[in-house]
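Residues per chain, in single letters:
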Amino acid sequence: MQISRMDLADKGSVLKVEPNLPIPVPIEELCRRLDIVEIQALTTEGFEGGLLTDRERSRGIILVKNGVSRQRRRFTLGHELGHFLMPSHVPDNEGRFLCSQRDLLLLKPKEGDRRARMEVEANRFSSLILMPPQALRTEIGKKSAPSLEHMLSLAKKFDVSKEAMARAYAEYHLETIAFVVVREGKVLRTYSNKTRFPFITAVRDRPVPQGSLFYRKGHQVGVPSDVDTRLACLWIDVERGHAAPRVSEQVCLQSNDFALIMLWYEPVDDSEYDEDGERTAKERLRHRQSRFS
């Protein structure tokens, strides 16, 4: 990489200057080339990362909490680099940003909340840098059907957390998919391409809907289940009088009572159903083959 901040002044963004970043992105080297002079341990309780800089932002020091995974550390570095490079980001205390774990999960700010908007922008910056859209779309396109196996392999390839990759995988995959993050059997967070995936009706902090593949016995930690079709109404509203869309699930248990559920939404044509409202076997087969042939 030959990038410098002078290049950014001309072209405006890291990805325009370096459209072919190596994968996984060498985020620490990128920070050094963009005038982050040191990466230090963060000792302030209750925070995940921080940034120290001068008024002119001639240089910066990034702070990262000790003991976090390499993937979380990499995302935090990208997040704080985003704060450093975006001149509109004004810290609460002059020359210092401090960011909590909650800040690093923010995806949508409340209207009028300037600080939350900065955190969302820094998260977006980190995601784009660590998972450059062009490279990620190329990798996603190598497999036609979505799967947890594919998503998890990409998390390793890009050296990001499973949750970070799940967000990006749902956003960029050509199929209409979503991910549900589960903790202790309850819905914690959901990620989807909201312009395509219907509204997910499962309520945060409530149990995973009964009937989900999540409750099937025999799941092994770290081993994705088979993909299986479930009732669409478990996860989305189904309009009465119309054929229910196809919603498939795949589950992977994680450590510490976490789990990931992938939802795959496939709309159907009412004309493909017989007089009893059942999709004919011929149409089901033709539909699947046409999508992945």
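Residues numbered from 1 in each chain as written. Predicted model: local features only at pLDDT ≥ 70, side-chain atom pairs only at ≥ 80, totals over all residues. Heavy atoms only, no water.

**Student:** Which residues make up the overall build of the protein, and what are the values?
**Tutor:** Scanning the protein from terminus to terminus reveals 9 helices and 9 strands. Along the first, second and third principal axes, the C-alpha set of the protein runs to 70 × 40 × 35 Å. By residue count, 47% of the 293 residues in the protein fall in the buried class. Residue pairs in contact within the protein that sit at least 24 positions apart in sequence constitute 57% of those at least 6 positions apart. By element, 48% of the accessible surface of the protein is carried by carbon and sulfur atoms, the whole surface being about 16,100 Å². Computed over 46 positive and 42 negative side-chain charges, the inter-centroid distance for the protein is 2 Å. (Helix = DSSP H or I, 4+ residues; strand = E, 2+ residues; numbered from the N terminus. Buried < 20%, exposed > 50% of the residue type's maximum accessible area, 1.4 Å probe, protein only. Contact = heavy atoms within 4.5 Å. Areas by Shrake-Rupley, 256 points an atom, 1.4 Å probe, with all protein chains shown as cover. Lys, Arg positive; Asp, Glu negative; His and termini not counted. Charge placed at Lys NZ, Arg CZ, Asp CG, Glu CD.)

**Student:** So, the sheet that holds strand S4 (residues 96-99): which residues are in play, and what are the values?
**Tutor:** On the basis of which strands lie adjacent, the open sheet formed by 4 strands has the order S1-S3-S2-S4 and mixed pairing. A strand with exactly one partner marks an edge of an open sheet, and here the two such strands are strand S1 (36-42) and S4. Between one strand axis and the next, the sheet turns through 15° on average, direction left out of account. The sheet contact formed by strand S2 (residues 49-53) and S4 spans 4 bridges and is antiparallel. When the sheet's bridge partners are listed, Leu-52 is paired in S4 with Arg-96. (Pairing = 2+ DSSP bridges. Axes fitted to C-alpha atoms, helices over the stretch in contact; angles between N-to-C directions.)

**Student:** Can you break down the sheet that holds strand S9 (residues 258-266) residue by residue, with the values?
**Tutor:** Sheet architecture is open: 5 strands sit in the order S6-S5-S9-S8-S7, paired in antiparallel fashion. Of all strands in the sheet, those with a lone pairing partner are strand S6 (186-192) and strand S7 (228-230), marking the two edges. Sheet twist, expressed as the mean angle between neighbouring strand axes with direction ignored, is 30°. Of the strand pairs in this sheet, S7 and strand S8 (residues 246-253) are connected by 3 bridges, and their pairing is antiparallel. The partner of Asp-228 across the bridge, within S8, is Glu-249. Sheet strands touched by helix H7 (residues 148-158): strand S5 (176-183), S8 and S9. Its angle to S8, the strand with the most contacts, is close to 50°.

**Student:** Break down helix H5 (residues 114-130) for me, citing the residues and quoting the values.
**Tutor:** The end-to-end C-alpha distance of H5 is 25 Å, a good match for the 24 Å that 17 residues give at a rise of 1.5 Å each. Within H5 the residues assigned to the buried category are Ala-116, Met-118, Glu-119, Val-120, Ala-122, Asn-123, Phe-125, Ser-126, Ser-127, Ile-129 and Leu-130. Where H5 is buried, its residues touch helix H2 (14-17), helix H3 (27-33), helix H4 (70-85), S4, H7 and helix H8 (162-172). You can read the cap of H5 off the contacts: a side-chain oxygen lies 3.3 Å from the backbone nitrogen of Arg-115, and it is on Asp-113. (Expected span 1.5 Å × (residues − 1). Polar contact = N/O pair within 3.5 Å; in protein donor to acceptor, adjacent residues only side chain to side chain.)

**Student:** I'd like to hear about the side chain of Arg-74, residue by residue, with values.
**Tutor:** Counting through the fold element by element, Arg-74 comes out in helix H4. The exposure class assigned to Arg-74 is buried, which follows from its relative accessible area of 8%. Apart from the residues within four sequence positions on either side, Arg-74 is in contact with Pro-24, Val-25, Ile-27, Ser-126, Leu-130, Phe-158 and Asp-159.

**Student:** An account of the packing of aromatic side chains is requested, with residue identities and associated values reported.
**Tutor:** Taken as a whole and judged by the stated rule, the model has 3 aromatic pairs. The interplanar angle of 55° and the centroid separation of 5.9 Å between the aromatic rings of Phe-197 and Tyr-265 together place this pair among those described as tilted. Of this pair, Phe-197 sits in the loop between S6 and S7 while Tyr-265 sits in strand S9, and the two are 68 residues apart along the sequence. Here Phe-197 falls in the buried class, since its relative accessible area comes to 4%. For Tyr-265, a relative accessible area of 16% corresponds to the buried category. With a centroid separation of 5.3 Å and 80° between ring planes, the pair formed by Phe-214 and Tyr-215 is classed as edge-to-face. Residue Tyr-215 is classed as partly exposed on the basis of its relative accessible area of 33%. (Phe/Tyr/Trp six-rings, centres within 6.5 Å; stacked < 30°, edge-to-face > 60°.)

**Student:** Explain the packing of helix H6 (residues 133-140) against H7 residue by residue, including any values.
**Tutor:** The contact between H6 and H7 brings their axes to 11 Å, and the two run at 140°. Between H6 and H7, the angle falls in the class oblique. The two elements H6 and H7 cross, and the hand of that crossing is right-handed. For the pair formed by H6 and H7, the contact residues are Ala-135, Leu-136, Glu-139 and Ile-140 on the first element and His-150, Leu-154, Lys-157 and Phe-158 on the second. Split into classes, the residues belonging to the contact of H6 with H7 amount to 5 nonpolar, 1 polar and 2 charged. (Parallel < 35°, antiparallel > 145°, perpendicular 65-115°, else oblique. Left-handed = near helix turned anticlockwise from the far one by under 90°. Nonpolar A, V, L, I, M, F, W, Y, C, P; charged D, E, K, R; others polar.)

**Student:** Which residues make up the nonpolar core, and what are the values?
**Tutor:** Within the largest apolar cluster, 54 residues are counted, with the highest numbers of intra-cluster contacts made by Val-14, Leu-30, Leu-81, Leu-136, Met-151, Met-165 and Phe-179. Among the elements that make up this core, the one with the highest residue count is H8 (7 residues). If we skip the residues at most four places from it in the chain, Val-14 touches Ile-3, Leu-8, Leu-30, Leu-34, Leu-85, Phe-125 and Ile-129. Core analysis: the next-biggest nonpolar cluster, separate from the first, contains 20 residues, Ala-178, Val-187, Phe-197 and Trp-235 among them. (Core = buried A, V, L, I, M, F, W, Y, C linked by side-chain atoms within 4.5 Å.)

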